[in-house]
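What follows is each chain in one-letter form.
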Amino acid sequence: MNIRLAKEKDVREICQIYDLARAYMRKEGNFAQWRNYPKEEDARQDLIKRELYVLEEEEILAVFTFFIGEEKNYKEIDGAWRREDSYGVIHRIASSGKKAGITRTCFSFCLDKIPYLRIDTHEKNRSMQEALKRFGFQYCGIVHVEDGSPRLAFDYIGE
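**So, the sheet that holds strand S1 (residues 2-5)**
Argument step 1. With mixed pairing, the 8 strands of this open sheet are ordered in space as S1-S2-S3-S5-S6-S8-S7-S4. At either end of the open sheet lies a strand with only one pairing partner, and these are S1 and strand S4 (78-79).
Argument step 2. Here S1 pairs with strand S2 (residues 52-56) via 4 bridges, running antiparallel. If you follow Leu 5 over to S2, its bridge partner there is Tyr 53.

Here's what the structure looks like:
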């Protein structure tokens, strides 16, 4: 599997993967997360900022946003981050569902860029919570996203 920065030509396929992820969440009983999000506009903004990545193996299998820097929604946390170092942020990770091990591959890619990662997820996104715990992320508390809704916040401290 190969991870690369997304290109303009990938946007349609990326949006299809977002749709598949939304359907998967609904099937798992998560009706609250990703109602009308992410949109094509979100993918294009991430693309412009060079923060949108795809994981491919003959076709795009997953998409995620990754950047190193401050996430405004992580400034306040009901709980505590385990470090105050520079960190990488992972958002909008979505898979086509065609291959296992996608999150592990994406997390490892990000960890190769910086040894401290932060991520958040909806309380009903049990699949992502399990993936985070399997990889070794630790629960840190609650953060709030732009619309004010709460998210479970996790971090990972690498070597």
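**Thoughts on the packing of aromatic side chains**
Argument step 1. One pass over the full model with this rule turns up 13 aromatic pairs.
Argument step 2. The positively charged end of Arg 118 is found above the aromatic ring belonging to Tyr 87, 4.0 Å away from the centroid.

**Quick look at the pattern of salt bridges**
Argument step 1. Under the criterion given, the structure shown has 14 salt bridges.
Argument step 2. Two residues, Lys 98 and Glu 59, come together in a salt bridge whose shortest N-O distance is 2.9 Å. Placement of the pair is Lys 98 in the loop between strand S5 (88-95) and helix H3 (102-113) and Glu 59 in the loop between S2 and strand S3 (60-68), with a sequence separation of 39 residues.
Argument step 3. On the accessibility criterion, Lys 98 (55% relative accessible area) is exposed.
Argument step 4. We note a salt bridge from Arg 83 to Asp 85, for which the minimum N-O separation is 3.6 Å.
Argument step 5. Given a relative accessible area of 31%, Arg 83 falls into the partly exposed group.
Argument step 6. Note on Asp 85: relative accessible area 40%, which makes it partly exposed.
Argument step 7. Salt bridges sharing common partners tie together Arg 4, Lys 9, Asp 10 and Glu 56.

**Section: unusual backbone geometry**
Argument step 1. If you check the backbone angles, Arg 50 has positive phi at about 60 degrees while not being a glycine.
Argument step 2. Tracing the backbone shows Arg 50 in the loop between helix H2 (40-48) and S2.
Argument step 3. Of note in this structure, Glu 58 is not a glycine but carries a positive phi near 75 degrees.
Argument step 4. Since its relative accessible area comes to 89%, Glu 58 is described here as exposed.

**Some words on the state of the cysteines**
Argument step 1. Applying the stated criterion across every chain yields a total of 0 disulfides.
Argument step 2. Of all cysteine sulfurs in the structure, the one in Cys 106 sits closest to Cys 15, which takes part in no disulfide; the separation is 17 Å.
Argument step 3. Take Cys 15: its relative accessible area is 15%, and that puts it in the buried class.
Argument step 4. With no disulfide partner, Cys 140 has as its closest neighbouring cysteine sulfur the one in Cys 110, 17 Å distant.
Argument step 5. The buried category is assigned to Cys 140, whose relative accessible area is 8%.

**Side note on the pairing of strand S6 (residues 116-121)**
Argument step 1. Within S6, 6 of the 6 residues are buried, which leaves it mostly tucked inside the rest of the structure.
Argument step 2. Alternating residues of S6 divide into Tyr 116, Arg 118 and Asp 120 and Leu 117, Ile 119 and Thr 121, and every residue in both groups is buried.
Argument step 3. Relative to S6, S5 runs parallel, the two being bridged by 3 bridges. Pairing of Val 89 across the sheet is with Arg 118, part of S6.
Argument step 4. Note on the crossover from S5 through H3 to S6: the handedness is right-handed.
Argument step 5. Two strands pair when backbone bridges link them, and S6 and strand S8 (residues 150-157) are joined in this way by 6 bridges, in the antiparallel orientation.

Rules of the game
Residues numbered from 1 in each chain as written. Predicted model: local features only at pLDDT ≥ 70, side-chain atom pairs only at ≥ 80, totals over all residues. Heavy atoms only, no water. Pairing = 2+ DSSP bridges. Helix = DSSP H or I, 4+ residues; strand = E, 2+ residues; numbered from the N terminus. Phe/Tyr/Trp six-rings, centres within 6.5 Å; stacked < 30°, edge-to-face > 60°. Lys NZ or Arg CZ within 6 Å of the ring centre and 35° of its normal. Salt bridge = Lys/Arg side-chain N within 4 Å of Asp/Glu carboxyl O. Buried < 20%, exposed > 50% of the residue type's maximum accessible area, 1.4 Å probe, protein only. Disulfide = S-S within 2.5 Å. Right-handed = clockwise from strand over helix to strand, strands pointing away.

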